[in-house]
Structure formats: structure tokens, C-alpha cells
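# Observations on the three-dimensional arrangement
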Amino acid sequence: MMESKSPVCNTCGEEIGVKPNGEFFVACHESCLEYEFKEGRRICLRCGNPYDENVLDDVEIKTSKHQSTIATHISNTPQDSGIHARHVSTVSTIDSELNDEYGNPIWKNRVDSWKDKKSKKNKKKHAKATKAEDPDAQVPPQQHMEDISLNPEAASATDVLSVVIPIPRTKITSYRIVIIMRLTILALFFHYRITHPVDSAYGLWLTSVICEIWFAFSWVLDQFPKWSPINRETYIDRLSARFEREGEQSQLAAVDFFVSTVDPLKEPPLITANTVLSILALDYPVDKVSCYVSDDGAAMLSFESLVETADFARKWVPFCKKYSIEPRAPEFYFSLKIDYLRDKVQPSFVKERRAMKRDYEEFKIRMNALVAKAQKTPEEGWTMQDGTSWPGNNTRDHPGMIQVFLGYSGARDVEGNELPRLVYVSREKRPGYQHHKKAGAENALVRVSAVLTNAPFILNLDCDHYVNNSKAVREAMCFLMDPVVGQDVCYVQFPQRFDGIDKSDRYANRNIVFFDVNMRGLDGIQGPVYVGTGCVFRRQALYGYSPPSKPKMLPQSSSSSCCCCPSKKKQTQDPSEIYKDAKREELDAAIFNLGDLDNYDEYERSMLISQTSFEKTFGLSAVFIESTLMENGGVPDSVNPSTLIKEAIHVISCGYEEKTEWGKEIGWIYGSITEDILTGFKMHCRGWRSIYCMPLRPAFKGSAPINLSDRLHQVLRWALGSVEIFLSRHCPLWYGCSGGRLKWLQRMAYINTIVYPFTSLPLVAYCTLPAICLLTGKFIIPTLSNLASMLFLGLFISIILTSVLELRWSGVSIEDLWRNEQFWVIGGVSAHLFAVFQGFLKMLAGLDTNFTVTSKTAEDLEFGELYIVKWTTLLIPPTSLLIINLVGVVAGFSDALNKGYEAWGPLFGKIFFAFWVVLHLYPFLKGLMGRQNRTPTIVILWSILLASVFSLVWVRINPFVSKTDTTALSQNCLLIDC
């Protein structure tokens, strides 16, 4: 296959040619170096090598004649989100509509002419402004470099904002060696199992081998994505030094927050209010924060509670910022059992805190009154304060509603300061339309926010996840606003942390193993998966754009070269990549900031939008489409502010997404109730990468269902979503393979997320085998030789060593690991099993499953909900497995007593097998028995077992029956004709 011998410029994407003498050259050589020099970089972005000093000297001379020097640029760095242009995903664009009958781009000349005309108009103006505003333009570059070295503040603005901290070699090397060793032992184990069948129990043996092979396959999918775990560290102080200079306006990027709620009776308004208040009180510039609350149930209770929340925010926000309190959700702040006077020096703090706590308690009373009022719906429906009927009385047939509470002129706090924007949104719903549940609500918020504020970044939270760390957004910006690290980052995912969970974490609600082990492993590949909340998105990634192009280069032993750092070694590029880059260059011509074309009429704008087929992709809204082309965000200058609300209502209409790419290639992806996994997967397939951010203080905290039935229903919903993805066209087994942008370890992790529910089938069979073996007297393993015993022992040791070394580098406790193993079995034999059957029923028979919102309410008694037994069919399979294994244990002892001494050896292997099942299902047994105030569940379990065994032994011994001469008795029996 032919391969290109020319590399590509890292800055502009131009192909590099070769001179007759073999040296590299490129037309953009001088302009690209000047650009890098203006950015203050002395090191090549691609290879990491410093630029040649002779080349830099030439560039310095040229640059000093026309532009500001390095120090001037550093002190006036504008907000820039990356070097490369953006790229539209080729899936959502129709090539035939971009070209004329001769195959040329029909809009390219128009765009170039517009840009030329614009630049000519501003050329003289820009030159005059440069002379007037830049008196230091003629200062030699050497003097500027000296100024930087003498000015630490300017130097800190060029420092990295985050670093990758690899796991110590001593820990990770031994961990990998044990993984390889375990894989080798598994191969030898299966060789022995397959070559040594059990003829007396062939069916049981075959079933066990099939189950064990699937377990090994599942372990490989789960284990190898954890091959290269990493840690990260951020520097918020450097972020402030670079983008928040004293006396200047903050250059931090704006962020739109999304909070979604459906049923205010299951998701109490007080919890949602705390989430909103924690967002409004963030340690972030107020003009950069906008909070959008999606009420997908169109409940008047949600609307009225948000009115009360906005009113209380005028007192709460200045109090939080004045005294720097954490967390900034009042319910959780006032419930902290710590010394709240620590680090507080203002004498007025105690007085104001008492007053604020009293105000919050009054706020809770008003919220409770609203909830009590909403318990019974009037026959004529709800009526607003002005006497008009509430538009959302019919939750399935109502218009779109938008209300801006804060952020407009006159809406200030009690101290007269500006407040962040707070917007209530309820999208239109009509019969006959598919609304796509949470994913559809999130996409509606994407469009509304783009029309009203259009922040370049989006952070979505569930209504019960409040901001626990007021600097969480700054943590994310250390990655997303870094011009080198962040240009290919689609989102920054934070781990989920929870309040209100029992200390033992009986049902593994914290998911510590997943968030502290698996996600850190993925961070070392292409990034963590999106988990549905606590995630900061790049808006352009949600629009289906691809990341900046990074051509694949052949690895070189000692050095690498590019147009900025020429080398004698030649580089090659895959022809398929050259073709893809060429197609992206054509698309780039249409993707630029339309705000720069404000001097042109609406006809020219509409022609551009129509010719690029954006209407077929994003929908019929010129305002929204114009906002999608603004990489740095912001509302276009050409838009009339008085029409924004009307346009926002239009983009949340129920028919807006018809015949568009919404939910297919852009926004939250439809097709599964776990839209989070699917959305992140599509971004990674386009070549984006994500980052896992774990600050010392948890960024967000939420609530989790601690009741057994609610927890199983939650797991059922997740597993059903995975089955839906497996049966869809987005299955990671084949989707995106042709593009080659998803790394194979990352693909392996996504495959694991969709196949894990199918482990329930072999798991149920495997948990049934011990009882069958005990009841029938057969076993799945033949008599072991010394070599086979060593093999089994080595397998157990490798399993233990893998877990121990994993705990060592991750810091996870052994209790968390054991709880995770237990609930893996509990969920596997119940929720995952039902999810598999429901998924196939939905595909074959079209039977849809209703989405159940997990209740966020809590009992007055601490952990009171933990002991409530709620009957559900999910409890049947694990209960049955417990019963048959306990019966099998009793039957096994009975059989051993009857057969004598030689039967006790095989019995212990079967008993161990059965107790493995019982120990894993023990938390389920505790939940099934409810509260035991006096007698622990373990005592009851052991009492039943020991009583049964003792009874069998008692009957076998027969202490109160006189022994008879069995020989004489047998002789007498022979005389009787039976």
C-alpha cells in the first residue's frame, strides 16, 4: 500500500514538501513559527524539542517589525481555546450538498471573499489601534524575556495547569506481572479442565466449564483496561494567574449548568433547591455562570419552588462568598457535625450564621408548605397567582415554558451584587411525539442555553447532586482551557460521591471500585466513560464536531520532526488519514465565527447556513445554528435580544428535532435509557479523549438508594440500558471500527459495559451447581492429582495477589472490594438477569419498559429506609438460590453421615462451593430479613444450619435406642419369606 512520505504541520495542518536536497519545506513555515512565537512557545507542540535558535532569531526580527513581542502577548493574552480549526463529524454531513456539479465547494469562494472584504475594512483600523495601544511594540525581544524572568507573575501565566502523575513503577510493574501470571495460569487451568472431563457428571462438568470460560472472558474485559492507571494534579492558582489578572476582566470561560428533574414528589423540591443554590454560590465569576433547570414533568410545584429558591439565593450567595463556606448547599452545610468556627476570623460570622440558619429554616417551611399543597391536585387544575391556568396541567400535552428568574437587570443580591442567571425550562410535549426522556430533556437544554447564553462549556448534574467543592469548575478548567492539553478533550468527568449511606455500605452504593480503580485505568487510555452527572462538556463536542486533527506519525527512536523542527528523518502518514484530513479541510472553510460577518446582510448568512446543510443537522433555527459556529461561545452580536426568548421557545418545541441529527449524531444520543454511556462512546469514536478529575475535596455529592429493592431497580435500569446498546447499531463490538479513532483498550472497556448483564446467565447456573452436587452426590471436578492441586492453588493465589496489588496502587480498602464482589453476585442473579430478558423482549416483541425515577426521599430515622422490605420480583432468584444451597448443605451432611468416613472428603469441596454462594448473597439475606433489633442475621443463619446438622447427627447416633445384634437379626430375617 502506498504511504505518504510527507509529514503535516502541527499548527496549520499543511502538508510538508521535500526540497531536492532532502530537506523539509512548507509554505506556512514562517507564518506558523510566527504564530508559535506570538503564543510565547519555545518548544514544538508535537515533538517536545526546543526550536532552533537561529530560526527563532529570524522570527524575532520579523515579528518585532509588525507585531507585539512575547512579553506584550503574555500580558494581553486573549481567550483562545485552541490552535486548530474545528471539524464536523463526517457522519452528520452530506458531501453531495456541499459541492457543485463540478465537485467544487460552492461556498468556499463566498467565504474567502467575505473574509477578504472584512480584513480590508479593518486593516487600517487595526494598524492604528496597534500603534496607539501598544507603545512597547518596538522593544527588543531580549528585553521582554528579561522582564519575564524578573516578573514571576507573568512567568506563572505560562506554567502548565495540570500534570499527570503516573503510578510508581514499583507498584504498577508487579501488578502487571501478576496479571500476566494469572492469565498464564488460567490458560493452564482451562487446558486441565477441558482434558479431564467428569464422565459420571458430564452435564454438570460441561456447564461448569462453559461458565468458567465466560467468567475468564469477563475478567479479561474488566482487567486489561486497568493496565495503565494514572493520577492527575491541577494548579488552580496558575489558572487564576493566567486568566484572572488584577485590574482586568476575568477571561475564564463561561459555563452553563444543567439540572434535570421530572417528578417533584419523588425528587423533593428541597433537594433540587439545594443543588441550585450550590451552583449559584460557586467560586466563579457570576457573569460566567448560568443555571438551567429542566422540569420535564411540567409541575407547578417545581416552578413555585424555584421562585422561592431564587428569592433565598439573594441572601445565601453573598453569605457563602463572604465567609468562603463549604459546602454551599445549605441543607448539608448546616447539618455538618464539625467545628464551623474553624478558620473563621470575622467577629460577625457567628451572628450572621445564626441569622442565615433561621432564614433557611423559614425557607424550608415555605417549601414544605408547597409540597403539602401539591399532594392533592384540584379537579380544575392548578392556577397561578395571577389567576391564569397553569400551562402544564396536562403533563403529556402542554406548550414549552421558559422563565428567567435571576441574571437580568435589577436582579441582585441583598448586598447589591450581580447574581448568576437562573432559568426555568419545560419543553413542549404533545401526543404522538417521541420525547426520549432524560436525553431529550438534556438536548432541549443544550439548544435553549445556546440561544440565551451559549457558554462554551456545559456541566450537567442530577437534581440530587449538589456542588460540594466550590472550586470544582476551576478544577475542570485547568484541563479544558489549557491550549495544549484541552484541545482534544471532550469532557472532564468527576467521580460520584454520596451522602446518607450506611457505614458498612451493604449494597455497594458508593461504587468505590468503579470510580477509584476502573475510571483511573481508563484515564490512562482515552479517558473515563461518561456516567450521567458531574461532567463538564465542551459544547462543540456535543455538536458532533471532531477534535483537532492529529495525523498519525511513525514512531522514531530518538527524535521527531515537524515543519517547525526539521529533521533528516522522514515521516510517513497513512493515505486514509490524508484523505480524511483533506475532507476535514473542506469542511473547515465553513466553520468560523459568524460574529465576524456582522456587516453582511441576512441573505448572505442564510445562504451560508443553507449551503452547509446545517439546517438538516441542527434544525430550523438560524440563531441556534449561528451559535454553533461560535467556538468561544457568546450570543451573536447580530441577534436581537428581544427575540431570544421567542427563539428559545421555538427550539424546545416537540417537532424541532424531526428530520435532524439530534440524538443520532449530536447532543445526548438516543436509543438507550443509559444515554450517558452512549453519548460518551460516540465522542470517543470521533477521536476525542476525556479526563478524570479527582480533587482532594469531592467536587459533587449526591444521594443513593440504600433500600435493597430500590437499589436493585436502579441496577436493573443500568443493565437494561447496556443490553439496549448491545442490540443497537452502536454496539461497541463493531461500531466505529473503520475509523480507527477508538483505542482498542478503550473499546474493550466499552464492550465490558454492554456485555456484563449477560454474565447473569452463567452466574445463575454456577450458583446452582453446588446445590445440585450436594443433592445428587456428584461433583464437577475429578479427583485431583498433585499437579492439578498445584494448579488450583496457583489460580487462587493469583486471584488474591491481583486484588492485593490493585488495592495497593488504588488505595481502595479491602472492605470496599469485598462489598463490590458481593453485590456483583447479588445484582448478577437478580437485576442483570431480568435486564437480559427484558432487553430481548423489547427487541423481539416491542415491549417497552417504563422508566422509573429513583426516589430521593429519606426516612426521619437515620438509615431507616435500609431496613424496609419492599416486595419485588427481583427478589425471587437470589432467594431461591439461598434456599436450595442451604438445603443442599443439610442434605450433604445427611448423605455423608449415612455413607461413612470415606464420604467426608468430597463433602468439604462441595460445602466450600456452597458457602461461596451463601457468603456472596449474605447482604441480600440481611436485607430480606429486615431490621433485627436483638438477634443478628448471621446468628439466625448459623443457628438454622447447626440445628439441622446436629439433628442429623443425633438421628444417626440414636443415643436413646438400644443397640441390637445385627448379625442375629439378619439371620432371623432370612427365615421369613418376604
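Residues numbered from 1 in each chain as written. Predicted model: local features only at pLDDT ≥ 70, side-chain atom pairs only at ≥ 80, totals over all residues. Heavy atoms only, no water.

The name an unreviewed UniProt entry gives the chain is Cellulose synthase, with Brassica napus as the organism. Recorded in UniProt for the chain, the comment headed Pathway (unreviewed entry) runs: "Glycan metabolism; plant cellulose biosynthesis." As recorded by UniProt, the Sequence similarities (unreviewed entry) comment attached to the chain reads in full: "Belongs to the glycosyltransferase 2 family. Plant cellulose synthase subfamily." (UniProt positions renumbered as here; feature names shortened; annotations may be inferred.)

## Focus: the UniProt feature "binding site: Mn(2+)" (unreviewed entry) in the chain
This chain's UniProt record puts "binding site: Mn(2+)" (unreviewed entry) on Lys438 and Asp462. The named residues occupy 25 residues along the chain; their greatest pairwise C-alpha distance, 10.4 Å, places them in one compact cluster. In this view, Lys438 contacts Ser260, Asp462, Gly532 and Glu675; residues no more than four positions away in its chain are not counted. Along the chain, Asp462 falls in strand β10 (residues 457-462). In this structure the side chain of Asp462 is engaged in a polar contact, spanning 2.9 Å, whose partner is the side chain of Lys438. (Contact = heavy atoms within 4.5 Å. Helix = DSSP H or I, 4+ residues; strand = E, 2+ residues; numbered from the N terminus. Polar contact = N/O pair within 3.5 Å; in protein donor to acceptor, adjacent residues only side chain to side chain.)

## Thoughts on the sheet that holds strand β9 (residues 421-426)
Strand order in this open sheet of eight strands is β8-β9-β7-β6-β10-β14-β12-β16, and the pairing throughout is mixed. Each edge of the open sheet carries a strand with a single partner, namely β8 (401-406) and β16 (689-692). Averaged over all adjacent pairs, the angle separating strand axes in this sheet is 20 degrees, with direction ignored. In the sheet, β10 pairs with strand β14 (residues 535-538) via four bridges, with the strands oriented antiparallel. Along β14, the bridge assignment pairs Ile458 with Phe537. (Pairing = 2+ DSSP bridges. Axes fitted to C-alpha atoms, helices over the stretch in contact; angles between N-to-C directions.)

## A word on the sheet that holds strand β13 (residues 497-499)
The pairing of strands in a sheet happens through backbone hydrogen bonds and is either parallel or antiparallel. Strand order in the open sheet formed by three strands is β11-β17-β13, and the pairing between neighbours is mixed. Pairing within the sheet leaves two strands with one partner each, and these edge strands are β11 (466-467) and β13. When β13 meets strand β17 (residues 700-703), the two strands line up parallel, connected through three bridges. The partner of Arg497 across the bridge, within β17, is Lys701.

## So, empty space enclosed by the protein
Enumeration according to the criterion identifies nine cavities of 30 Å³ or more in this entry. In this structure, the second largest cavity encloses a volume near 80 Å³. Forming the boundary of the second largest cavity are Thr261, Pro264, Glu267, Pro269, Thr272, Ala273, Val276, Val293, Ser302, Ser305, Leu306 and Thr309. For the lining of the second largest cavity, the secondary structure elements donating two or more residues are α10 (269-280) and α11 (300-323). Along the lines of polarity and charge, the residues of the lining of the second largest cavity split into six nonpolar, five polar and one charged. (1 Å grid on protein atoms, 1.4 Å probe; cavity = no way out; pocket = protein on both sides within 12 Å on 5 of 7 lines; lining within 4 Å. Points joined across faces, edges and corners; volume = space filled by probe spheres on them. Nonpolar A, V, L, I, M, F, W, Y, C, P; charged D, E, K, R; others polar.)

## With respect to the pattern of salt bridges
Inspection of every chain in the model, using the stated rule, returns 26 salt bridges. The residue Arg430 makes a salt bridge to Asp397 at a minimum N-O spacing of 2.5 Å. One end of the pair, Arg430, is in the loop between β9 and α14 (437-452); the other, Asp397, is in the loop between α13 (349-373) and β8, with 33 residues separating them in the sequence. Judged by relative accessible area, Arg430 falls into the partly exposed class, the value being 27%. For Glu665, the salt bridge is made with Lys682, and the minimal N-O distance between the two is 3.1 Å. (Salt bridge = Lys/Arg side-chain N within 4 Å of Asp/Glu carboxyl O. Buried < 20%, exposed > 50% of the residue type's maximum accessible area, 1.4 Å probe, protein only.)

## Some points on the nonpolar core
With 90 residues, the main nonpolar core has Val448, Phe537 and Phe624 as its most contacted residues. At nine residues, the largest contribution of residues to this core is made by helix α7 (residues 169-195). Domain assignment of the residues forming this core places at least three in each of domain 2 (253-375 + 391-548 + 661-704) and domain 3 (744-933). Sequence-distant contacts of Phe537, defined by excluding residues within four places in its chain, comprise Pro456, Phe457, Ile458, Asn460, Cys490, Tyr491, Tyr530, Leu542, Trp668 and Met683. Within the second largest apolar cluster, 74 residues are counted, among which are Ile236, Val317, Leu419 and Met481. (Core = buried A, V, L, I, M, F, W, Y, C linked by side-chain atoms within 4.5 Å. Domains from an automatic or database assignment.)

## Quick look at the side chain of Ser302
Here Ser302 is to be found in helix α11. Residues within four places of Ser302 in sequence aside, it is in contact with Pro264 and Asp295.

## Regarding the packing of aromatic side chains
Tallying each qualifying case throughout the model produces 43 aromatic pairs. The interplanar angle of 50 degrees and the centroid separation of 5.3 Å between the aromatic rings of Phe303 and Trp390 together place this pair among those described as tilted. Taken together, the positions of Phe303 in helix α11 and Trp390 in the loop between α13 and β8 put the pair 87 residues apart, joining distant regions of the chain. You can call Phe303 buried: its relative accessible area is 17%. The exposure class of Trp390 is buried, given its relative accessible area of 3%. Three or more aromatic residues joined by ring pairs form one cluster here, namely Phe312, Trp316, Phe319, Tyr323, Tyr333, Phe334, Phe349, Tyr360 and Phe363. Against the face of Trp662 rests Arg447, its NZ or CZ located 4.8 Å from the ring centre. Of note, Arg711 hangs over the ring of Phe823, and the distance from its end group to the ring centre comes to 4.6 Å. (Phe/Tyr/Trp six-rings, centres within 6.5 Å; stacked < 30°, edge-to-face > 60°. Lys NZ or Arg CZ within 6 Å of the ring centre and 35° of its normal.)

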